[in-house]
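A closer look at the structure
Next come the chains, spelled out residue by residue.
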Amino acid sequence: MFLIACPHCGPRSQAEFVYERAEEAVAYPDGTPQETLAALYTRANPRDFAWELWRHAYGCRGWIRMRRHRTTHEIAEIEAVGARL
Amino acid sequence: MIDRDRGIAFTFDGRTYEGYPGDTLASALLAQGVHLMGRSFKYHRPRGVMAAGVEEPNALVGVGTGGRFEPNTRATDLFIYEGLKAVSQNRWPSLGLDIGAANSLIARFIPAGFYYKTFIGPPWLWKIYEHVIRQAAGLGAAPNAAEADAFEHRAAFCDVLVVGSGPAGLAAALAASEAGARVILAEQDIRLGGALLRDPATLDGLSALDWIAEAEARLKTLGARILTRTTAMGYYDHNQLTLIERRVEAGQTPGPGGLAQRLWRVRAGKVVIAAGASERPVLFSNNDRPGVMLAQAARSYRRRFGVLPGRRAIIATNNDDAYRTALDLAEAGAEIVAILDSRPLADSPICQAARAKFRAHLDARLVAALGSKRVNGATAVVAGRTISVEGDLIAVSGGFTPLVHLHMQAGGALDWNDAGGAFTPGAGRQGQISAGAAARREGLSEVLADGARAGGEAASALGFRSGTAREAPIAATAFDAPHHTLARFETAPGVNLKTAFVDTQNDVTAADIDLAWREGYRSVEHLKRYTTLGMATDQGKSSNILGLARLAAAEGRTVPEVGLTTFRPPFTPVTLGALAGEATGADMAPLRRTPLFSVHAALSPPWQPVGYWQRPRAYPRPGESLAAAGLREALCVRQSVGMTDISTLGKFEIVGPDAAAFLARICATPVAKLAVGRGRYTFMLREDGMVVDDGTLWRLDEHRYLLTSSTGGADRMPALLSYVRHILDPGLKVAFASVQERWGAVAVAGPGAAAVVRSLGLEPPAHMGLTRGSVDAGQVLVLAASYSGERAFEIYAPAHELTDLWRRLDTAITSEGGTTYGLEALELLRIEKGHIETGAEIDGRRTPGDLDLQRMLRGKGGYVGAPALARPALTDPQRLRFVGLEAVSGAPIPEGAMLLTKAAGRPHGHVTSAGLRLDGSGAGIALSLLKAGPERLGETLIAASPSRGRNVLVRVVSPVFHDPEGTRYRE
Ligand SMILES: [Zn+2]
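Residues numbered from 1 in each chain as written. Chains lettered and ligands numbered in written order. Predicted model: local features only at pLDDT ≥ 70, side-chain atom pairs only at ≥ 80, totals over all residues. Heavy atoms only, no water.

**Some thoughts on the overall build of chain A**
Looking only at helices and strands, chain A has one helix and six strands in total. Projected onto the principal axes, the alpha-carbon positions of chain A cover approximately 40 × 30 × 20 Å. Per-residue burial over chain A gives 39% buried out of 85 residues. Here the contacts in chain A between residues at least 6 apart in sequence split such that 44% fall between residues at least 24 apart. (Helix = DSSP H or I, 4+ residues; strand = E, 2+ residues; numbered from the N terminus. Buried < 20%, exposed > 50% of the residue type's maximum accessible area, 1.4 Å probe, protein only. Contact = heavy atoms within 4.5 Å.)

The structure is reproduced here in structure tokens:
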């Protein structure tokens, strides 16, 4: 269980959050088929930090962008993202 | 440490014994002269106690009865209580006389990989093999009754968590607490002290026991939380650890409240791992005989439990520490027959002291233990010469394995110490700091200093003032020095490798490992799986290094080159009840009640769980079967009118000037042209182009919409709405809210539905139209949408007013000759009308084209999932596509059946929903997904259900069986 510092709520257990996707996995509805396929199926998965989208589903329901290491799970940066609540 | 004033009666294999408070089952039995405590897993060899703690591989027992029975409990980790009932394992008919021990005689027929090699053949043979394997498999018996006691979960936070309360752990906890850190100290034993309970010492001028008591009092004063009988099971991400606190022993009845165990989830700033080290056994023939014991364990039994495990002891060692055992046992009156030291040189003060008293041999290694149910001697090679000695105890020490489990679970690296033959904790990745014997520190002063250092370091890393850190305790003890281990893993000449056990719990011998290597199993991961080395309940605590070293020697490589398998939680076995906690039975999941729950419940209908909801399946009359009731209700809807509770549907209100633009992202159907006061069918896609849910969209006002979704989709829909709102289009002026529980809803369907609506004083809207009105001063919303294929209305009312509305409707419906109906009828009506359903046809793998929704798609795209639909594979006509089936004979079609042609080959599809005609014929019909389905109308297939043992001949037809022209629901 990670400890995630929600920018709105402070440090909370991972149990309150939903992992949504890697940021580069966002497929825009107006994108080309190629962009969509790249976002959905042909992403790299390096042993490194990557930006991800999470949602504080069982807390403030806000969206979060975080830079997490894919093997050590260290969270280097975290920030609020999305429409103003 | 044993209270001799009060006796405790317990039974072992039905015989009553007496022990004392503070005894483990092992110490109490040893005190009674019982050394034979179990039979081994594979060969049913007699086994006794090897250890004095949780690493015990042999003495496993079943404890308790009924719902409190617990198998595979270590006799060394079970503190006796009045009424304890323990039974030995793997023996039949009795421990002393075991018929399965014949396996010992045929041991050469059960080598490593026996099952892999023997049970090879065509798949049908597995039906026979499985019985044979199941008979032989499994360690211990499973309980045969439901868990009798309660378990709970609790969360806790601290600055420094200290695991282990031996000298290092206590010193660390004191140092961190004195610096001001909030400390939790977890000790798996029933009392604090660790190795201090085994070896005499003076600390800060106090006896070990007095010093422990003072340390405990001081920690409590400083606010530390001390958890005894609490094991750190796993070290997870971001410094979260799971602890299991045992409130009672295995099989014991808990006090008031019935709490048996508590699972703690502790989030710590830093973690001091002071878990100690476990002693390794030595490889020689019959090294598993009762009476062969680890040297430190022998000392524990003597010092802590007051039991002399043997009168004539043979000591075999590769280090100085076992000499302590020799001196200790001699002090208690035992005869030390011989010390067999495998090292060429041993001249530490303790070795010299022992040599002055006992016969001690250097360059001496055990060849075999003699005796069967109890050792009576041993043979050894001393400088190339074979000697034979008599004795009833062989105390062995093959060196020490630091308990790096938690360190490794936390992502820590390992270093290799060659002389000690041990992996030691290297660089950490989280907040872990190993201290004391767990970090391969030896000698009491060194261990105390290391603990104090670790505790101080942990506190100061978290910003606590290190200036106030406490000095390490001053120890005074005999032979306060390192152990000078010289690990030699090769066996002595003359050892029979087939009885030299590496892993006694899984009966893996040195010969098995050699065989696996000869057969090409070079990777430690393969070796482990092939031989089952280290895969028993002790997870190889004592056997891992011996096995690795043997593989490394065969390979001509070093142990670190061969590598170590991953240590995974839990550190010791955990009962499933502790993991479940409170989440059992009715508390396993929340129960969601619709506003009409108590109205339904008063009729005691058969319930259908739908997610967390409970919905009535039907409302059977007295003596009526569920199937008959469902059919009666469905026919009533077709012929007159019926009503059903649809409050569980997802309902979302979307408001704002950009609401239409927002919905155009969500819905794959046209949105913009929807007029105020109108609704339409819609569906939603995932980004990969697959349909995930469907529902209806209603325009309530210029900038206000109501979107409904399926019951199952209601919990997923907010994620999609939120994703579009915050990630795809954060600039839109729109807000949404789930109104699922604000509105309750009742569907009224059937030719008489409009009359019922009118009787409430409401004007029935045209199909896919809506009206607002009031019933008894309560506001309602009437939507004309049909799921059944009949003229139908969904009447929405505020949840707290729904019961009144339902009662009014009930009167109106009854006077029309109608009925209430449940899910069974709802399904029969839907299937006959050919409507798809989320969870059946909408299974997450179907495109709009697959489900015949292509013509409803919004041409301009722009909705989630639109770009992916261009993939060629998604428009392949050979995909599984939606069609109807009718049984050629009229028989019911089995749901889930595979669709086969008469030619051999793979299934062409499957039945997704099965129903029957409501036209009086009762003929079996079904909805299905069939390869190129719509192109195969008229074709005959076999709907085959091996699990039901039924095959039904079916014809491919249009999925709309009822009113294909769609005239009935329009009135
Ligand atoms: Zn939050």
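The discussion continues.
**So, helix 5 (residues 167-178) of chain B**
All names here are of chain B. The first and last C-alpha atoms of helix 5 sit 16 Å apart over twelve residues, in line with the 16 Å expected at 1.5 Å per residue. Counting buried residues along helix 5, twelve of its twelve residues qualify, which places the element largely inside the surrounding structure. Among all positions in helix 5, only Pro167, Ala168, Gly169, Leu170, Ala171, Ala172, Ala173, Leu174, Ala175, Ala176, Ser177 and Glu178 are buried. Gly180 sits one or two positions beyond helix 5 and adopts a positive phi of about 105°. (Expected span 1.5 Å × (residues − 1).)

**Examining the coordination of the zinc ion**
Residue and element names in this part refer to chain A. Ligation of the zinc ion by protein atoms is provided by Cys6 (SG), Cys9 (SG), His56 (ND1) and Cys60 (SG), these donors lying 2.0 to 2.3 Å from the ion. If you look at the zinc ion, its four donor atoms make angles of 106 to 112° with each other, and the shape they trace is tetrahedral. In primary sequence terms, the donor set of the zinc ion follows C-x2-C-x46-H-x3-C. Taken together, the residues Cys6 in strand 1 (residues 3-6) and Cys60 in the loop between strand 4 (49-55) and strand 5 (63-69) connect sequence positions 54 residues apart. (Donors = N, O, S within 2.8 Å, 3.2 Å for Na, K, Ca; no water. Tetrahedral: all angles 85-135°; square planar, octahedral: opposite > 155°, others 65-115°.)

**Considering the sheet that holds strand 41 (residues 770-775) of chain B**
Residues and elements named next belong to chain B. Ordered in space as 41-42-43-40-34-44, the six strands form an open sheet in which the pairing is mixed. The sheet terminates laterally at strand 41 and strand 44 (819-820), the two strands that pair on one side only. Pairing analysis gives three bridges linking strand 42 (residues 778-783) to strand 43 (residues 792-798), with the strands arranged antiparallel. Each bridged residue has a counterpart across the sheet, and for Val782 the counterpart in strand 43 is Ile795. (Pairing = 2+ DSSP bridges.)

**Comments concerning the pattern of salt bridges**
The final tally for this structure, using the stated rule, is 71 salt bridges over all chains. The shortest N-O distance in the salt bridge between A:Asp30 and B:Arg665 comes to 3.0 Å. Note that A:Asp30 is positioned in the loop between strand 3 (18-22) and helix 1 (33-41) and B:Arg665 in helix 19 (residues 659-666), a pairing that runs across two chains. Here B:Asp507 and B:Arg47 are joined by a salt bridge, their closest N and O atoms 2.8 Å apart. Pair noted here: B:Asp507 is in the loop between strand 30 (501-503) and strand 31 (508-509) and B:Arg47 is in strand 4 (residues 46-47), with a separation of 460 residues, a long-range link. (Salt bridge = Lys/Arg side-chain N within 4 Å of Asp/Glu carboxyl O.)

**Examining the sheet that holds strand 3 of chain A**
One open sheet accounts for four strands, arranged 3-4-5-6 (chain A); its pairing is antiparallel. The open sheet has two free edges, formed respectively by strand 3 and strand 6 (75-81) of chain A, since each of these has just one partner strand. Taking the axes of each pair of neighbouring strands and ignoring which way they run, one obtains an average angle of 30° across the sheet. Pairing between strand 3 of chain A and strand 4 of chain A: four bridges, direction antiparallel. Its bridge partner being in strand 4 of chain A, A:Arg21 is matched across the sheet by A:Leu53. The sheet strands contacting helix 20 (residues 717-728) of chain B are strand 3, strand 4, strand 5 and strand 6 of chain A, and the helix crosses strand 5 of chain A at an angle near 85°. (Axes fitted to C-alpha atoms, helices over the stretch in contact; angles between N-to-C directions.)

**Examining the interface of chain B and chain A**
In this assembly, 25 residues from chain B lie in contact with 32 residues from chain A. Across the interface of chain B and chain A, roughly 2300 Å² is buried in total on both sides, 59% from carbon and sulfur atoms. Counting across the chain B and chain A interface gives two salt bridges. Tallying contributions element by element places helix 20 of chain B first for the side of chain B that touches chain A, with seven residues. (Buried area = accessible area lost by both parts, 1.4 Å probe.)

**With respect to the packing of helix 5 of chain B against helix 6 (residues 208-221) of chain B**
All names here are of chain B. Packing of helix 5 against helix 6 leaves a shortest axis separation of 10 Å and a crossing angle of 30°. The angle between helix 5 and helix 6 places the two elements in the roughly parallel class. In this structure, helix 5 crosses over helix 6, and the sense of that crossing is left-handed. Along the contact surface, helix 5 presents Leu170, Ala173, Leu174, Ser177 and Glu178, while helix 6 presents Trp211, Ile212, Ala215, Arg218 and Leu219. Of the residues in the contact of helix 5 with helix 6, the class split is seven nonpolar, one polar and two charged. (Parallel < 35°, antiparallel > 145°, perpendicular 65-115°, else oblique. Left-handed = near helix turned anticlockwise from the far one by under 90°. Nonpolar A, V, L, I, M, F, W, Y, C, P; charged D, E, K, R; others polar.)

**A short note on the nonpolar core**
The biggest cluster of nonpolar side chains holds 70 residues, and the ones touching the most others in it are B:Leu25, B:Tyr301, B:Leu340 and B:Ile394. In this structure, B:Val162, B:Ala172, B:Leu192 and B:Ile433 belong to the second largest nonpolar core, which totals 34 residues. (Core = buried A, V, L, I, M, F, W, Y, C linked by side-chain atoms within 4.5 Å.)

**A short note on the pairing of strand 5 of chain A**
Residues and elements named next belong to chain A. Across the seven residues of strand 5, six count as buried, placing the element largely inside the fold. Pairing of strand 4 with strand 5, which is carried by seven bridges, proceeds in the antiparallel orientation. Paired with Ala50 across the bridge in strand 5 is Arg68. Count of turn residues in the strand 5/strand 6 antiparallel hairpin: five residues, of which His73 carries a positive phi of about 70°.

**Let's talk about empty space enclosed by the protein**
Residues and elements named next belong to chain B. In the structure shown here, the tally under the stated rule is six cavities of 30 Å³ or more. Elements represented by at least two residues in the lining of the largest cavity include exactly strand 18 (312-317) and strand 21 (364-370). Counting residues per element, the lining of the largest cavity draws most heavily on strand 21, which supplies three residues. Here the residues of the lining of the largest cavity sort into eleven nonpolar, six polar and four charged. Quantified by volume, the second largest cavity comes out at close to 110 Å³. If you go around the second largest cavity, you meet 13 residues; those closest to its centre are Arg39, Ser40, Asn58, Leu60 and Asn90. Here the lining of the second largest cavity is built from residues that sort into four nonpolar, seven polar and two charged. (1 Å grid on protein atoms, 1.4 Å probe; cavity = no way out; pocket = protein on both sides within 12 Å on 5 of 7 lines; lining within 4 Å. Points joined across faces, edges and corners; volume = space filled by probe spheres on them.)

**Quick notes on unusual backbone geometry**
Residues and elements named next belong to chain B. Note the cis peptide between Pro569 and Pro570, where omega equals -5°. Turning to its location among the elements, Pro570 is positioned in the loop between helix 15 (559-562) and helix 16 (576-580). Phi at Asn286 takes a positive value of approximately 55°, unusual for a residue other than glycine. Relative to the assigned elements, Asn286 resides in the loop between strand 16 (277-279) and strand 17 (292-294).

**A short note on the confidence of the model for chain B**
When the pLDDT values of chain B are averaged, the result is 93; 95% of them are 70 or greater. For this predicted complex, the interface confidence score (ipTM) comes to 0.98, while the overall pTM stands at 0.91. (pLDDT = per-residue confidence, 0-100.)

**Some points on helix 22 (residues 802-815) of chain B**
The end-to-end C-alpha separation of helix 22 of chain B is 20 Å, in line with the 20 Å expected for 14 residues at 1.5 Å each. All of the buried residues in helix 22 of chain B are B:Leu802, B:Thr803, B:Leu805, B:Trp806, B:Leu809, B:Ala812 and B:Ile813.

**Some remarks on the side chain of B:Thr594**
Relative to the elements of secondary structure, B:Thr594 occurs in the loop between helix 16 and helix 17 (597-601). If sequence neighbours within four positions are ignored, B:Thr594 has contacts with B:His600, B:Trp613, B:Asp645, B:Ser647 and B:Thr648.

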